[in-house]
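For reference, the chains in residue letters:
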Amino acid sequence: MRRNIKFLIGLLLMFGCANEFNTFQDITDRGGYIAFTEEPRLSFNILKLDTEVFSATLFDPNENATGYTLTVIYDDVMVENVFQTTTFPATLEFTIAEILEMFNLTEDDIGLADRITFVAKVTTLDGVFDGRSPDYDFNNINQGGDTTDRLKYPGQHNAMEFFFSFYQPPGRKIRGTSFEEVPVGPDDAVYDRNGANDETLDLVNGVDPPYVDYVSKGTGTDDELGFDSEYIAITNISESSLGFSEERIGVTALLESFEAYPDGTQGFHSEDADGAIKITFDTVQVPEGQNNSGISFQVFFGDTSWEELDGIHAYANITTDEGNNVLELISAYNNDVETLAGRWQEVNSGFLKGIRSYQLVIQIQSGATPEFFDLDNIIIYEPEED
């Protein structure tokens, strides 16, 4: 008896292992199933949709298919019979531009969250097998397809239902600044401004830090951008007095409200200006031939109460092949700033096409109460090469 039990356990282990490594026979009942010979690339660079190509080879692991028909779906729109074959192996190839044309789409219509779905139907002598997964309703009636999810696990090279997705390559700096090259003084150093307290005028550096202006040392990637600051009087921004004479405004290494700067150890700080501080950065040329670029910076809003006229407006003066324009980046005041306060926020244009140059302008304004701003990590960028 003990001998028979051991024999039975051996059979169970043997068949258990056999099933684990014989997925097709185990759960398809020799149904129609087509696979890729190798896992194809299914994610494509959203900046190069005019040149991206999908290519793969289909094969029939069950050796029983007499036909394979592919349907493509985007945003509930279905295009049938985009590919058919009755022989295997077979080459399946599309340009992304061809797929978009099927839906009357352009490259600009596609976003990073979009997905294009492909569903196959495989014909065998036993019938037609739908590439969708089964979807049983409350009455146990299948509202979906015939291909189990287990055959869509990674490693099965599933060609029954697959998806195109899109990615954006990381940015590579063209020019930028983290204010690291600007000399700084003690944390309590204040900017002693020129002109009358409430006078709208260009600010100039004093003898000692903090500094509000900087001249770039060069035009290379690692040369930080120069910038120029000015004060702008804003009527009714303060209930006490308009303007300032001495405040902590300019480039500093303050760490009072956060543990670190996003990049480096310095940033541009402004507080209690009783008006606006407008900072204009050097114009940056996009390299010739580069059709994709973007601009970003990071800002920290003090976690305090913000009033109606307190906030930020940032934009970039841009040039394109058609002329000059303004790219709006952020405009946030009062309650909008309150929801962002207390942590570093990134303002990012994302990749844009056809821009030839950027000139970033940031205007930060606050009244007499202790609202404050910090700016860091200004970057004009292009995509990394694949």
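Residues numbered from 1 in each chain as written. Predicted model: local features only at pLDDT ≥ 70, side-chain atom pairs only at ≥ 80, totals over all residues. Heavy atoms only, no water.

### Here's the deal with the pattern of salt bridges
With the rule as written, the count across this model stands at six salt bridges. For Arg-41, the salt bridge identified is with Glu-52, shortest N-O distance 3.1 Å. On the criterion of sequence distance, the pair formed by Arg-41 in the loop between strand 1 (35–36) and strand 2 (43–45) and Glu-52 in the loop between strand 2 and strand 3 (53–59) is long-range, its members being 11 residues apart. Residue Arg-41 is classed as partly exposed on the basis of its relative accessible area, which comes to 42%. (Salt bridge = Lys/Arg side-chain N within 4 Å of Asp/Glu carboxyl O. Helix = DSSP H or I, 4+ residues; strand = E, 2+ residues; numbered from the N terminus. Buried < 20%, exposed > 50% of the residue type's maximum accessible area, 1.4 Å probe, protein only.)

### A look at a negative patch on the surface
A surface patch of like charges, here negative, comprises Asp-50, Glu-107, Asp-108 and Asp-109. Within the secondary structure, Asp-109 sits in the loop between helix 3 (96–102) and strand 7 (116–124). (Patch = residues over 30% accessible without salt bridge, like charges linked within 9 Å, V, L, I, M, F, W, Y side chains within 5 Å. Areas by Shrake-Rupley, 256 points an atom, 1.4 Å probe, with all protein chains shown as cover. Lys, Arg positive; Asp, Glu negative; His and termini not counted. Charge placed at Lys NZ, Arg CZ, Asp CG, Glu CD.)

### Thoughts on the side chain of Thr-147
Residue placement: Thr-147 occurs in the loop between strand 8 (127–130) and strand 9 (161–167). In this structure the side chain of Thr-147 is engaged in a polar contact, spanning 2.9 Å, whose partner is the backbone oxygen of Asp-130. (Polar contact = N/O pair within 3.5 Å; in protein donor to acceptor, adjacent residues only side chain to side chain.)

### Considerations on the confidence of the model for the protein chain
Averaged over the protein chain, the pLDDT score is 89; the fraction of residues at 70 or greater is 91%. Taken together, the stretch residues 1–28 has pLDDT below 50 and engages in 18 contacts with residues farther than four places along the chain or on a different chain. (pLDDT = per-residue confidence, 0-100. Contact = heavy atoms within 4.5 Å.)

### Considerations on the nonpolar core
Core analysis: the largest hydrophobic core is formed by 46 residues, its most contacted members being Ile-277, Phe-297 and Ile-312. For this core, the secondary-structure elements that each account for two or more residues are strand 13 (227–232), strand 17 (275–281), strand 19 (292–301), strand 20 (311–320), strand 21 (323–333), strand 24 (355–366) and strand 25 (372–383). A per-element tally of this core places strand 24 first, with five residues. Filtering out sequence-adjacent residues up to four positions away, Ile-277 remains in contact with Leu-203, Glu-230, Tyr-231, Phe-244, Ile-249, Phe-268, Ser-270, Ile-362, Gln-363 and Ile-364. Counting residues in each nonpolar core, the second largest holds 38 residues, with Ala-159, Phe-162, Phe-164 and Tyr-381 among its members. (Core = buried A, V, L, I, M, F, W, Y, C linked by side-chain atoms within 4.5 Å.)

### Structural notes on the packing of aromatic side chains
Under the criterion given, the structure shown has 27 aromatic pairs. A ring pair is formed by Phe-36 and Phe-54, whose centres lie 6.2 Å apart and whose planes are at 75°; its orientation type is edge-to-face. One end of the pair, Phe-36, is in strand 1; the other, Phe-54, is in strand 3, and 18 residues separate them in sequence. The burial state of Phe-36 is the same as that of Phe-54; both residues are buried. When the centroid spacing of 6.3 Å and the interplanar angle of 70° are considered together, the rings of Tyr-68 and Phe-83 count as edge-to-face. In this pair, Tyr-68 is assigned in strand 4 (residues 65–74) and Phe-83 in strand 5 (residues 77–85), connecting sequence segments 15 residues apart. (Phe/Tyr/Trp six-rings, centres within 6.5 Å; stacked < 30°, edge-to-face > 60°.)

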